[in-house]
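# Tertiary structure, described
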Amino acid sequence: MDFLLSLFQQQISNIKSPAVIMYVNISESDIQFLPGVGPKRALLLRNELNINTFGDLVRLYPFRYVDRGSIRKISDIQYESSFVQIQAEVESVKREPKRLSVTVSDGSGELELVFFRGIKYITDELKPGSTFLFFGKPTVFNGRMNIVHPEIDSPRSGQDHGQGEKVMVTGIYQSSEKLKNAGITAKVMNKMMESALKRVLPEIRETLPSYVIKEKGLVPLRYALENIHFPKDEISLAKASYRLKFEELFLLQLSLLKQKYIRSRNSVGIMMKKVGTDFNACYNSLPYTLTGAQKRVIKEIRKDLTSGHQMNRLLQGDVGSGKTMVAVLSSLIAVGNGYQAAIMAPTEVLAKQHFRNISDYLKPTKAKTAILTGSSTAAERRKISEDLQNGDIDIIIGTHALIEDNVIFKNIGLAVIDEQHRFGVDQRARLWEKSKGGIAPHILVMTATPIPRTLAMTLYGDLDVSAIDEMPPGRKPVETIQAGEKQRDAMYGFLKRQIALGRQVFIVYPLIFESEKTDYQNLEKGYEDVVRAFPFPPYKIAIVHGQQNNKDKEFNMDAFVAGRANILVSTTVIEVGVDVPNASVMVIESAERFGLSQLHQLRGRVGRGSDKSYCVLMKGQKIGNESQKRIDMMCRTENGFELAEEDLKMRGPGDLEGTQQSGLPITLDIASLAKDGNILNDARAYAQSVLDKDPDLSSEEDRPLAAELRKNKYKLGGKDYSKIS
Ligand code: ADP
Ligand code: MG
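Residues numbered from 1 in each chain as written. Chains lettered and ligands numbered in written order. Predicted model: local features only at pLDDT ≥ 70, side-chain atom pairs only at ≥ 80, totals over all residues. Heavy atoms only, no water.

### Re the site of ligand 1
Close to ligand 1 lie 17 residues, the nearest being Gln294, Gly320, Lys323, Thr324 and Arg475. In this structure, Thr289 approaches ligand 1 through a main-chain N or O atom, which is 2.9 Å from a nitrogen atom. Between ligand 1 and the protein, one listed contact pairs an oxygen atom with a backbone N or O atom of Gly322 at 3.1 Å. Starting from 570 Å² of accessible surface for ligand 1 in isolation, the protein chains cover 85%. Among the residues forming the shell around ligand 1, the class breakdown is 5 nonpolar, 7 polar and 5 charged. (Near = heavy atom within 4 Å. Polar contact = N/O pair within 3.5 Å; in protein donor to acceptor, adjacent residues only side chain to side chain. Areas by Shrake-Rupley, 256 points an atom, 1.4 Å probe, with all protein chains shown as cover. Nonpolar A, V, L, I, M, F, W, Y, C, P; charged D, E, K, R; others polar.)

Here it is, written out as structure tokens:
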């Protein structure tokens, strides 16, 4: 079968005619035809690892390497060891109802091997007194170390047996239960990889032009693939890995920058030449002077609005840095030029708060505003809809109710999206479609989730990025303290003293209902605790959580905002943007449950007024190393970007808050945004220089690049990203 296939492929690729557009190449051969795979395993490889072809397989990179040459002594194995290989004799085999427990010994110690499936086969094989090589990952169960489902091999002969004699480094690949059950063990994976490489490498096409390889000092693709799977030595592995990481990041940046280039070349933007009287009226009656950073950002935006191209700008600014005012002044520029503006917030609470604050700011102007949210009545909606179409509303504020189909604008010129990460990419696309005249509105996306530079370059690689990197004057640092259960009474005492000074307090919980698995403090129990510790009178407590109806939520929220309640007990619904300057303490219960950026967002709710503010991180009884590190980090710094970088390093980008909802536009196969920031910077600058010379990648030597960018991976999840942001 395999032979026939390769013969067929040879014939096809022998056809030299340029008219043949489709040609089969070994890389594109269906994975089922690889020896040892077949239709069943092929299906699994497809479903579990997204591997369809020989080429996909060789692009699955090891995430770790093990030395199969060395054999460890059982007595040397640490609990936290990664994969180990031992050579040991079977001492006893114990059959239990659902598992098979095999005890082996190598003279230095004993170890339990556990099997859950294929029991019959294993008992036949593992007879007491016989010796084997076992390979697997030790785990601890009930205080004892064992290896579950080790790979079993025939023993090495006497002289081979020893520690670290032979170096035989092989890769360990991502796997799954299903794959292991189908017999695709680490070893089988190595074999498959070997045979795929043997077929693919001789005719693999270099993905990078030769000038790139030369200028960047990279190893050729063939060498890289060979050594990433079966490294000759450490240096070859380093070279291979560098080449593949560079390739991945370079192509990604090339794709993003090319889209940005094409968009700016094609996109017509609404011209907003004037500043307008309303802008000036608002500006001149501001209760404070803008910070240098706010001024700079507004200038950047003005420049975009007069460029003739559509603005697509991301505005990053830490919590409390004053983004709202930037949104207001930008919207007034649109209004001053005869266009409407929309400001979208992720939650109803926030939309209402924006509406209140912005209405105040707009008092000196003639701009007309309205609010539209999920709880607007049908009659209100009808009226707003009419007014929007007549042009009787200049600035509309709202939630995602704004992007529903029946909301039509007369002439929307600017859309501001606050706390962008709560809005999906598709929702942004719908906003884009709101423009009636066919010219897309300018888009300003604002986020307080500080996105590390490396991540921003990837997530928003096709946007322009501005940052407010300066806080309004007079902000006092928030003092952050960690405390355990023993200090709870003292903490309550502290809250009482703060309340006596006229301040207000947030208490935030991670969960709403008792969860069986966890012993975390939960909101309901917590609420009861708080009520007991702070009885009415004199204390008034408001409660807000996601399971409440809007009316109750609003009632409680309003009570706190207006200062009628001393304490707000809530879940993370208050996470984004809520502004209560009189609140001086943020207590976060079970702080170990939160990620760094979330903790930072929560802490940002206090320290907004002139009083000294505090953040208390309450810790549970048992807390892991990582959690303790996060909490220590919070106590050490208030810099959101520093925390975000740290978060990225600790959790990996897939987990980073803010990217979870929107999703990284692509998944990286080998590079890491946390660790390979330097390569990323270099790859981006280099991609820019390539595009400066050949923006369409149409030259002969850049043709391989154009071909790579047509691959799905670089099409950003199959979505036409260029139209969206
Ligand atoms: P965020 O960037 O988190 O959205 P806001 O726009 O809500 O921040 O601003 C936080 C607080 O800072 C608000 O109370 C706002 O009135 C105030 N503020 C904004 N800009 C300035 C400034 N330049 N000087 C003093 N206070 C300011
Ligand atoms: Mg805000």
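Structure's up, so let's keep going.
### Describing helix 2 (residues 38-49)
Taking 1.5 Å of rise per residue, 12 residues should cover 16 Å, and helix 2 covers 16 Å from first to last C-alpha, within 8% of that figure. Turning to helix 2, its buried residues number three or more, namely Gly38, Ala42, Leu44, Leu45 and Leu49. Buried positions in helix 2, seen along its axis, are confined to an arc of 160° and lie on one side of it. Away from its buried face, by an angle of more than 90 degrees, helix 2 presents the exposed residues Pro39, Lys40 and Asn47. The secondary structure elements touched by the buried residues of helix 2 are helix 5 (177-181) and helix 6 (186-200). The first or second residue beyond helix 2 is Asn50, which carries a positive phi of 60°. (Helix = DSSP H or I, 4+ residues; strand = E, 2+ residues; numbered from the N terminus. Expected span 1.5 Å × (residues − 1). Buried < 20%, exposed > 50% of the residue type's maximum accessible area, 1.4 Å probe, protein only. Arc of directions from axis to C-beta. Contact = heavy atoms within 4.5 Å.)

### Examining the packing of aromatic side chains
Taken as a whole and assessed by the stated rule, the structure comprises 10 aromatic pairs. Aromatic side chains Phe246 and Tyr686 sit 6.3 Å apart centroid to centroid with 55° between the ring planes, which places their arrangement in the tilted category. Pair noted here: Phe246 is in helix 9 (residues 234-266) and Tyr686 is in helix 24 (residues 677-693), with a separation of 440 residues, a long-range link. Each member of the pair, Phe246 together with Tyr686, is buried. Geometrically, the ring pair formed by Phe534 and Tyr539 is edge-to-face, given 5.2 Å between the ring centres and 85° between the ring planes. Every member of this aromatic cluster is reached through a ring pair, and the members are Tyr242, Phe246, Phe250 and Tyr686. The aromatic ring of Tyr614 is capped on one face by Lys612, whose charged end is 5.1 Å from the ring centroid. (Phe/Tyr/Trp six-rings, centres within 6.5 Å; stacked < 30°, edge-to-face > 60°. Lys NZ or Arg CZ within 6 Å of the ring centre and 35° of its normal.)

### Describing the pairing of strand 10 (residues 312-317)
Of all 6 residues in strand 10, 6 are buried; the element is thus mostly enclosed. Burial of the side chains of strand 10 extends over both faces: Asn312, Leu314 and Gln316 are buried on one face and Arg313, Leu315 and Gly317 on the other. Note that strand 10 and strand 15 (residues 442-447) share 5 bridges and pair parallel. Within the sheet, the bridge partner assigned to Gln316 lies in strand 15 and is Thr447. Of the strand pairs in this sheet, strand 10 and strand 16 (residues 464-468) are connected by 5 bridges, and their pairing is parallel. Counterpart to Leu315 in the pairing with strand 16 is Ser466. (Pairing = 2+ DSSP bridges.)

### Some points on unusual backbone geometry
Residues Phe536 and Pro537 are joined by a peptide bond in cis, for which omega reads -20°. Tracing the backbone through its elements, the reader meets Pro537 in the loop between helix 18 (523-533) and strand 19 (541-544). In this model, Pro537 is joined to Pro538 through a cis peptide bond whose omega is 5°. Tracing the sequence through the fold places Pro538 in the loop between helix 18 and strand 19. Even without being glycine, Ser590 reaches a positive phi, approximately 45°.

### Overview of the sheet that holds strand 4 (residues 110-115)
With mixed pairing, the 7 strands of this open sheet are ordered in space as 6-7-4-3-2-5-8. Where the open sheet ends on each side, the last strands, each with one partner, are strand 6 (138-141) and strand 8 (151-153). On average, each strand axis in the sheet is tilted by 45° relative to the strand beside it, whichever way the strands run. Relative to strand 7 (residues 144-148), strand 6 runs antiparallel, the two sharing 4 bridges. What sits directly across from Val140, in strand 7, is Met145. (Axes fitted to C-alpha atoms, helices over the stretch in contact; angles between N-to-C directions.)

### Some remarks on the pattern of salt bridges
All told, the structure shown has 29 salt bridges when counted by the stated rule. Salt bridges linked by common partners bring Arg296, Glu300, Asp304, Arg313 and Asp469 together as one network. (Salt bridge = Lys/Arg side-chain N within 4 Å of Asp/Glu carboxyl O.)

### Some remarks on the environment of Ser610
Assignment of secondary structure puts Ser610 in the loop between helix 20 (596-603) and strand 22 (613-618). A relative accessible area of 54% places Ser610 in the exposed class. Spatially, the C-alpha atoms of Ser610 and Lys476 are 7.3 Å apart, while their sequence positions differ by 134 residues.

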